Structures are given as structure tokens and as C-alpha cells.
Amino acid sequence: MNGASENKVPWICAKCQKELVEEKVKVRYLDGNFEVELLKCPQCNHVFISEDLALGKMLEVEKGLEDK
Amino acid sequence: MDLEKLLDIGNQCIHSEPPVCVASCPVHMDVIALVSEIEKGDFKNAYKLMDSKIPFARLIGKICDHPCETRCVRKDAGGSIHINELEKAIIHFGYSSPKKTLLLPKQKGKVAVIGGGVSGIVVAALLDKKGYHVTIFEKSDRLGGRLWDYEGEILDKETIKEELQMIEKIGIQINYNVEVLEDDLPGYMDQFDAVYLGAGHWEKGHPIDFDTFKVDDLPLFIGGQIVNKNPSIIFSVSTGKRAAISIDRYIGKISISASREREGSYESLLNYKVVDVEPVDPVVKESDIYSEEECIKEAERCLKCQCNECIKTCSHMQKYNITPDAYIRKINHNERVILGTHFANEMINSCTECGLCKEQCPVGIGMKDIIHETRESMVARGKMPPSVHEFALRDMEFSNSDSFSLVRKQPSKEQSKQFFYYPVMAFSQYLRGLYKGSGKTGYLFYPGCQLSATHSSYIGEIYKHIVGTIKENEADLDVGLYLGCCGAPADWAGRQDGMNDTVAKIKSVWEEMDKPTFILACSSCSSTFAKYLPMIQTISLWEIFDKYGLPEVDIKKGKRLLNIHDACATRHDTKIHESIRNIVKTLGYKIEELEYSKDKTKCCGYGGLVSYANKEQAKSFQEDRIQESPNDLLVYCAMCKDSLVRDNKRTFHILDVLYGKEDNNVILQQMPTLSQKLNNRKKLKADLLKEIWGEEQTMDASNKYNFVLNISKDVYDIMEKRYILVNDIEKIIDHSRKNNERFYNPETSNYLARLKLENVTYWVQYEEKGNEIDVNNVYSHRMEVVEE
């Protein structure tokens, strides 16, 4: 699960007016802890999750963990 | 969960029970497989199947006395399948000379076979194959015994000879013209490891074990006609086969009696019914034997009897292509997984727990209770996927919160005295009812959460109507009101804790109200009360209507035909079935009963919270039910209406019809959105408090935000699909605006905001137009991002 394919998105952080950068981010669900490359604001660390990611890979991993 | 007990239940499933033809066949010829091969035109494979069950199939297959045909259930629908004729044709079209095989060393032991007749040569051939050194002692100068009786008629001499020569070719020793007598037996038993006696006739009776064909503790086994006491060829083959198994086990020093159930001919538990089967006459052969085409046609008449009573009516089992026996094995496996994936979770959460399988099952297996217990076990072990039922459980929590829940006694006489004047009283049965107020709550109207969400506009009218009619008939009993949720979602989700809390709350209200009878308007409430609150007396709203009179409606007789879809939760409640039909008839509609109705009704797809776990599964239930009904549907459960109302399917709740608003009213064919259902309940509580009890509720202002949302139909559809509520969207946008925590797209001027509410992070894409906000997209995820 990573956001590498999304390294160019039209979104900027509204608060900091910064372009988003790809960085390792910790995500967790149930017993799963992962570090994944996601887009975030370099200043306030606000992490961006696209619809494709949320309903694609992320959902798949969530379901996988729920069935463990 | 007692998995051993569960597996026992699974073993009772007769889906795998053989048809009567196979069970009555002493060698258990797999007739279904045989005719299936014929239907494919594969006679070679069909012969192989025969050969695997019957030694010397080329001969025996032709002269078999086919007890299967007298039992074939097709006999009552045109005539039994001509299995014997098919077998003859299989031999004709499918036989090929056996390949030469290497002779095995015969080292396992020495066996004497006394009598080279049918059973004798079967025993000899089978034991030779297993590696025994077999010697046949035949009193005449040829093998085959009764096979020769058929020479010229069915079997030709050359074929008999050719087949019997095989015995010699494979290395079985044959001693012709040796007559063995009773007194000789001890000598044979000394000389050989085991002796098989298949002489056809024997003067002295021996104590034979009819399961193993062994005689006492001697190395002597007896089969064939001596045991059968009848001339049946196939029974001789059978006893020979079974004696060979015993001899092999005896010499191999293995228990000869273990696992010998159901050998030979037995009664199948399968009771296949041909009531709905169209009779088709047997195919008449045009020459001595069936042609290939005739065989195929005759094979096609085979019903391939198998118990599919549950699966044929259940969209769930059909979707997973599974029968209770296999289902139970999967549950057993799922329950035992410690490390690894619980592959059956989705399936277990896709059963509607409607109970139809149990109604259908000839041996009374029902998956409803099994699934329920499994879900409870999953929850108890922390293995229930949290996302599956969360939305429904949140909804239930809402219904039992102050936002909706309400308990009120009937407005007192004192409270209502300002209305008691002529002519108002003369025209209002309700006010006359209030005037008769006794202060004793005899009834408590409990409309349930879903009806209140989807048909909220009727609830007040119903309440007033039943106060009026009940007080007219039972003057000393007042009618109170109780809004809330019975706990059905918690029950479906296997949440015992949520269920216990809800039940305790309802029970305490009941006790505080001096144990009134609950008037229920929801089928799920009915079944939940029956299961968890048996001490509370209940009556359905429909029975009250039927008993005390309908709301005043303009009845126009001769209205159209309706199919009644009974709610699965009330499949055994004949009083509800009857009262609904009475009401519908009184209103002037004609009823056409569906094939699956009353105790055999099918689920609409809402049951068991399946739509939350598996939308596709819920849809297949809906489609199945809709397909069954050629007319408009009438339902009496709010959830059934929610599920069955579709673009091209008009579905009416009985209240739609009762209040006379059904005629081509498009709005009635649309159900409120999830957000509307929530707000309807909030509003219902406030409206009832104000209208009936004159209480003003301090409502949280619905527009407490400084913006107004514009949500298109497309976005509403997405919200419905993703279980996202307007209230949540408002919170997210408000939070993002206040804290400027959001992303911005300069190209589209859209904002994208997220907020985690309980276990879910929601994202909303929107555009600001002054105080108006266009919501353009919404989505969510449960995975938590750790922002540092």
C-alpha cells in the first residue's frame, strides 16, 4: 500500500499553502502497523489520502486485517 | 461454540445422501454419474464406471437383475429409467479390451475359493488383484456357474469364455472337477489362510455374520446364493465383494467389522418427491439395444435425485454454491483458525437468518440458529470484522438515545380537558378515548425504529386511531407510546452485550408501566420480543386494526391484484398473516398468494444485516423475490419495503394502502435516504411530543452551522452506498473551515477535508460558494493515519 502513483496531485495544503511531498507515514488498523509512502504537507504534516487509495488498496488491507 | 455438536448436525444433512437407485443397488452403482457420462456421449467412461463397481462388468452388466429399476422414483412420472438397457448399451458402445497389466507377486497370503460360480470368481478376482495367491476349487469342468444359464439369450458363448479365461490368465490357480464336502473344510482351513465358500448350495448351515460373512472364529467366509437365499446375480456379486473385503482385512489382521455400515442394499434417507415433475415416458428401443441417441434421451429422463430443498429456495446458498453439510464444515474450519485468514467470514455474514432452509429441510436442519451462534462466537472471540455491522449498530444506538427514544403514557384526562367540548368530541374518537383515560396503561404502542424512519408521517395518526378504538372497546385500558429500537440489529450482529442492554431497558419500561401489552408494528420487533422478552404480552398493530377497526379510509371495492410478501421474521405468526389478509380484503384488494408465502416466505434481503456485509448478496435476495411476484407487492414490514421497492417494482407498505395514498403516488415508491431516516426519527419524536403531549422539545437546531449544503442526487447515491450521513458531512466541513484543516485544489477551487469520527475517517470534497457549499464527493477509510 503506497501512494507512490499519486506523487503528483493537484492538491495543496490549504493552511500552509505548500505542495504535498511524499514521505513515509505510519498507518495502523487492528493488529496491523505499517509504514507507507504517502503525500503530506511538509509543514503541518497533514496527510492526504485519495479516494482511489481509500477505496482500493487501503480497503483491501483493512478487509484482510479484519479477517485475520 | 460446540463444534462437535455442530459437525453432528452437518452430518445429518442429506444433500449427499444417495438416490434410492444407488442405495438399493447391492454394489452401489453410481447411476447419476453413469447417466451423466451417457448424456455427454462418453460411453467409454461410463463403462469404466461400471467396471469399477462390478467385476466382470461385461457379463454381469448385461444380466444384472437391476433392483434399482423397481425403486427408481421416475416410476411415478412416466416410468423408471431403463438402467439395465442403458448398461447393455454401455457395454456395447463403451467396452474395450483391458490393457495388459503386470502380474503382481502374490505374497499377501493364500486363499481357497470353493465354487467357481458368480460370487466365487468375484472373490477370486478381487483378492488376486490385492496380491493374494488364490486357488479356485470347482466341482464341474468350467467356471462361471449360473452365467451359463444366460448363454445364447443375453450372453454369447465366446464372450463368456473370453471373460472367464482372464481368470486363468492373471494367474489364479483353478482346480476343476474337485467337489469339496463339509468334512473337507477343516483341511482347507489348515492349508489356506482363509477359505471362501461360494458353492451355491450347501447342506450344513453355518453361523454366518451377515455384515462380514465370516463364520464364527474360523477362517471361513461364505457368500453367494448360500447367503442370499435368492437367485439374484447382483446380490451374489455383492456378497462376493463384501466377503473379499473381510478376507483381506482378516488376513491383514485389521478389524473386519469396523466402518462396514451401509454395505449392500440399504434404505436411503432421501425422499425425493416427484409431485412437480413432468411425466416423460421411457424411450422405446428400435432394435435389440438402445442406440447412442436413444441412450442419451433415456439418460436425460433421470432426475438425478438429490436433496436440494434448501438450496433451491435460498439465494445465499446458491450464491456460495453450498449446502448445509459443507457450510457447517466451513464454519467449523473458520472457528478453529488461530493464525491465518478466516475465509468464511463474509459468507457467514451474508445469511439473512430468515429460517426458510429449516422449513424446507426434510430432516429439520436450519442454518439460522447456527449462523447466529457463529456470529456470537465471532464477536466473543474478537473475530467479527468491525466494519460489517458498525453502521447498523450506530443506527440502533441512535434509536435508543434521547434523539429518538421516548416513553409516554396516554395524555391524561386532566391534561386534555381543554379539548373536551362539543362538537369536537362528537367527531373525534381519539378525544373520546382521552376522555375515558384511566391512568392505567394497558397497551404500549411500539412502532419500532425502521417504520418510524420510513413512515414517520403515519405514526401520530395511528397512535390517535388506536387510542380511540381501543378505549371504545376496553375503556379501562390506556394506550401509551414507546419509541425505540428492539435490538434486532444487535441480535443479527451477534452482539449479546448490546442485546442484553436493550432487552433490560425494554423490560424495565414494561415493569414501570405496570406490564402493558406491547402493540408491535414491525416484524423484527415481533420476533425479537418473542425470543428475548417472552414475559411481555404482544399483539401486532395489524391484529388491532383487524379486531377494532381500520382508520377511516375511503374504500373503493374492486381494486387491483396484490401479491403479499410476508415478513420472514413472522413466518410462524399465523395471526399476523391472517389479519394482514383480512385488512387487504376489507380494503377491496384481491390477493394472489406467492408460491413462497406465510411460513415458507422468502427474505427481502434485509434480514441478518446482509446489506451491510454483502450488498450483492442482498441484491440477489431482492431480485429473487421481485422475480417471483408478477403483481404489485404488499408488505407489512418497513425493511421489506425498503428492500423491495425498485424502479420497476411497485411495493406498498400496508400503511400506504390503509391510508389510501397508494394510487400512483410516485413518492411512495421512493424510500428516504439514510440521513433522512435519521432526521425523520428526530422530527417524529419532537412532533409527537408537541402534538400529543403538548411538550416543546429543545431541539438541537438543525441548522446550527453557518453554511448550507447542496448535495446532488449523484452524491446522495454515493453517500448511501458508502454509509455516510449528512450530519457527518456537516461536522467535517465545519471542522475543516474552523481550523482550515483541508487541502485545496487551485484548478477546481475544491477543498478536501477529513475528520475521524469514532472508528472511521471521512473525507469530503467540496466547493464554497459563499455560505452555500456544494458537496462533490465523499469517501471514508478505517485505517488510521498516525500524523506526527
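Predicted, not measured: the structure shown is a model, and the values here were computed from it.

Draft legend 1. Main features of the overall build of chain B. Scanning chain B for helices and strands turns up 35 helices and 20 strands. Here the C-alpha atoms of chain B give a radius of gyration of 37 Å, more than 25% beyond the 28 Å that 2.2 N^0.38 yields for 788 residues. A buried classification covers 56% of the 788 residues belonging to chain B. Counting every atom, chain B has about 35,400 Å² of accessible surface; 48% of that belongs to carbon and sulfur. In chain B, 102 side chains carry a positive charge and 117 a negative one; their mean positions are 3 Å apart.

Draft legend 2. Region of the structure containing the overall build of chain A. What chain A contains, in helices and strands, is two helices and four strands. Starting at the N terminus and walking to the C terminus, you meet the elements of chain A as β-β-β-β-α-α. Counting every position in chain A, which comprises 68 residues, the buried fraction comes to 43%. In chain A, of all internal contacts separated by at least 6 residues, the share reaching a separation of at least 24 is 40%.

Draft legend 3. Just unusual backbone geometry, in detail. A positive phi angle, close to 55°, is found at His 28 of chain B, a residue other than glycine. Secondary-structure assignment places His 28 of chain B in the loop between α2 (20-24) and α3 (31-40).

Draft legend 4. Geometry of the sheet that holds strand β9 (residues 517-520) of chain B. Residue and element names in this part refer to chain B. Read across the open sheet, the five strands follow the order β6-β8-β7-β9-β10; overall the sheet is mixed. A single partner strand is all that each edge strand has here, and the edge strands are β6 (406-408) and β10 (538-540). Averaged over all adjacent pairs, the angle separating strand axes in this sheet is 25°, with direction ignored. Summarising the sheet, strand β7 (residues 441-446) and strand β8 (residues 478-483) pair through four bridges and their orientation is parallel.

Draft legend 5. Local environment of the packing of helix α19 (residues 386-399) of chain B against helix α33 (residues 674-693) of chain B. All names here are of chain B. For the pair α19 and α33, interaxial distance at closest approach is 11 Å and the crossing angle is 15°. In terms of axis orientation, α19 runs roughly parallel to α33. The chirality of how α19 crosses α33 is right-handed. Counting all contacts with α19, which are made through Phe 391, Asp 395, Phe 398 and Ser 399, the residues of α33 involved are Leu 674, Leu 678, Arg 681 and Lys 682. For the contact of α19 with α33, a count of residues per class yields four nonpolar, one polar and three charged.

Draft legend 6. Highlighting the interface of chain B and chain A. With 35 residues of chain B in contact, the opposing surface of chain A contributes 31 residues. Between chain B and chain A, the buried area comes to about 3,100 Å², and carbon and sulfur atoms account for 58% of it. One can count three salt bridges joining chain B with chain A. Measuring nitrogen to oxygen at the nearest pair gives 2.9 Å for the salt bridge that ties Arg 722 of chain B to Glu 51 of chain A. One can count 17 residue pairs in polar contact (both at pLDDT 80 or more) joining chain B with chain A. Elements that contribute at least two residues to the side of chain B that touches chain A include exactly α19, β16 (743-745), β17 (750-757), β18 (760-769), β19 (772-781) and β20 (784-786) of chain B. In the side of chain B that touches chain A, the residues fall into 12 nonpolar, 13 polar and 10 charged. Summarising the sheet, strand β2 (residues 21-29) of chain A and β20 of chain B pair through three bridges and their orientation is antiparallel. For Val 27 of chain A, the partnering residue across the bridge sits in β20 of chain B and is Val 785 of chain B.

Draft legend 7. Region of interest: the nonpolar core. Residue and element names in this part refer to chain B. Of all hydrophobic cores here, the largest spans 97 residues; its most connected members are Phe 445, Ile 466, Phe 518, Phe 529, Trp 542 and Phe 545. Both of domain 4 (400-548) and domain 5 (561-671) provide at least three residues apiece to this core. If near-sequence neighbours (up to four positions away) are discounted, Phe 445 is found in contact with Ile 459, Ile 462, Tyr 463, Ile 466, Val 479, Gly 480, Leu 481, Tyr 482, Ile 519, Ala 521 and Leu 541. Ranked by size, the runner-up nonpolar core spans 84 residues in total, among them Leu 127, Leu 197, Leu 220 and Ile 222.

Draft legend 8. Summary view of the side chain of Ser 736 of chain B. All names here are of chain B. Inspection of the secondary structure puts Ser 736 in helix α35 (residues 726-739). In this structure Ser 736 comes out as buried when scored by relative accessible area, which is 0%. Only 2.8 Å separates the side chain of Ser 736 from the backbone oxygen of Ile 733, close enough to count as a polar contact. Leave out the neighbours within four places in its chain, and Ser 736 touches Glu 741, Arg 742, Ala 753 and Tyr 766.

Draft legend 9. Looking closely at the packing of helix α23 (residues 456-473) of chain B against helix α27 (residues 541-548) of chain B. Residues and elements named next belong to chain B. Running from N to C, α23 and α27 cross one another at 50°; their axes reach a closest spacing of 10 Å. The angle between α23 and α27 places the two elements in the oblique class. In terms of crossing hand, the pair formed by α23 and α27 is left-handed. Between α23, through Ile 462, His 465, Ile 466, Thr 469, Ile 470 and Asn 473, and α27, the contact on the second element is made entirely by Leu 541, Ile 544, Phe 545 and Tyr 548. Across the contact of α23 with α27, the residue classes tally to seven nonpolar, three polar and no charged.

Draft legend 10. Seen up close, the environment of Leu 755 of chain B. Residue and element names in this part refer to chain B. With respect to the helices and strands, Leu 755 occurs in strand β17. Sequence separation between Leu 755 and Arg 742 is 13 residues, and the spatial gap between their C-alpha atoms is 9.7 Å. Sequence-distant contacts of Leu 755, that is, excluding residues within four places in its chain, are made with Lys 731, Ile 732, His 735, Val 760, Thr 761 and Tyr 762.

Draft legend 11. Representation of the pairing of β8 of chain B. Residue and element names in this part refer to chain B. Counting buried positions over the six residues of β8 gives six, a clear majority of the element. Side chains Asp 478, Gly 480 and Tyr 482 project from β8 onto one buried face, and the interleaved Val 479, Leu 481 and Leu 483 project onto a second face that is buried too. One ladder, built from three bridges, connects β6 with β8; its direction is antiparallel. Bridge pairing in β8 links Val 407 to Tyr 482.

Draft legend 12. Quick peek at a negative patch on the surface. All names here are of chain B. Together, Asp 2, Asp 8, Asp 369 and Glu 373 make up a negatively charged patch on the protein surface. With respect to the element layout, Asp 369 can be found in helix α18 (residues 367-380). Among the residues examined, Asp 369 registers a relative accessible area of 51% and is labelled exposed.

Draft legend 13. Spatial organisation of helix α1 (residues 3-12) of chain B. Residue and element names in this part refer to chain B. Within α1, burial applies to Leu 3, Leu 6 and Gly 10. Each buried residue of α1 sits inside an arc of 55° when the element is viewed along its axis, so together they form one side. Across α1 from its buried face, at more than 90 degrees, point the exposed residues Lys 5 and Asn 11. Where α1 is buried, its residues touch α15 (324-336) and α18.

Draft legend 14. Up close: the pattern of salt bridges. Residues and elements named next belong to chain A. Counted by the stated rule, this structure contains 52 salt bridges over all chains. Ionic pairing is found between Lys 40 and Glu 23, a salt bridge with its closest N-O pair at 3.5 Å. Here Lys 40, found in strand β3 (residues 32-40), pairs with Glu 23, found in strand β2; they are 17 residues apart in sequence, far enough to count as distant. Under the relative-accessibility criterion, Lys 40 is labelled buried at 8%.

Draft legend 15. Expanded view of the packing of aromatic side chains. A complete count under the given rule lists 27 aromatic pairs over all chains for this structure. Ring geometry for Tyr 463 of chain B versus Trp 693 of chain B: centroids 5.6 Å apart, planes at 35°, classification tilted. Taken together, the residues span a long stretch of sequence, with Tyr 463 of chain B in helix α23 and Trp 693 of chain B in helix α33 at a distance of 230 residues. Judged by relative accessible area, which is 1%, Tyr 463 of chain B ranks as buried. Judged by relative accessible area, which is 6%, Trp 693 of chain B ranks as buried. An angle of 50° between the planes, with centres 6.1 Å apart, marks the rings of Trp 542 of chain B and Phe 545 of chain B as tilted. Of this pair, Trp 542 of chain B and Phe 545 of chain B both sit in helix α27, separated by three residues, roughly a single helical turn. The exposure class assigned to Trp 542 of chain B is buried, which follows from its relative accessible area of 2%. Aromatic rings pair up to connect Trp 11 and Phe 48 of chain A together with Phe 743, Trp 763 and Tyr 779 of chain B into one cluster. Above the ring of Phe 192 of chain B, the side-chain terminus of Lys 110 of chain B is found at 5.6 Å from the ring centroid.

Reading the values: rules and limits
- Residues numbered from 1 in each chain as written.
- Chains lettered and ligands numbered in written order.
- Predicted model: local features only at pLDDT ≥ 70, side-chain atom pairs only at ≥ 80, totals over all residues.
- Heavy atoms only, no water.
- Helix = DSSP H or I, 4+ residues; strand = E, 2+ residues; numbered from the N terminus.
- Rg over C-alpha atoms; globule rule 2.2 N^0.38 Å.
- Buried < 20%, exposed > 50% of the residue type's maximum accessible area, 1.4 Å probe, protein only.
- Areas by Shrake-Rupley, 256 points an atom, 1.4 Å probe, with all protein chains shown as cover.
- Lys, Arg positive; Asp, Glu negative; His and termini not counted.
- Charge placed at Lys NZ, Arg CZ, Asp CG, Glu CD.
- Contact = heavy atoms within 4.5 Å.
- Pairing = 2+ DSSP bridges.
- Axes fitted to C-alpha atoms, helices over the stretch in contact; angles between N-to-C directions.
- Parallel < 35°, antiparallel > 145°, perpendicular 65-115°, else oblique.
- Left-handed = near helix turned anticlockwise from the far one by under 90°.
- Nonpolar A, V, L, I, M, F, W, Y, C, P; charged D, E, K, R; others polar.
- Buried area = accessible area lost by both parts, 1.4 Å probe.
- Salt bridge = Lys/Arg side-chain N within 4 Å of Asp/Glu carboxyl O.
- Polar contact = N/O pair within 3.5 Å; in protein donor to acceptor, adjacent residues only side chain to side chain.
- Core = buried A, V, L, I, M, F, W, Y, C linked by side-chain atoms within 4.5 Å.
- Domains from an automatic or database assignment.
- Patch = residues over 30% accessible without salt bridge, like charges linked within 9 Å, V, L, I, M, F, W, Y side chains within 5 Å.
- Arc of directions from axis to C-beta.
- Phe/Tyr/Trp six-rings, centres within 6.5 Å; stacked < 30°, edge-to-face > 60°.
- Lys NZ or Arg CZ within 6 Å of the ring centre and 35° of its normal.

Geometric descriptors of this kind do not, in isolation, establish any biological role.
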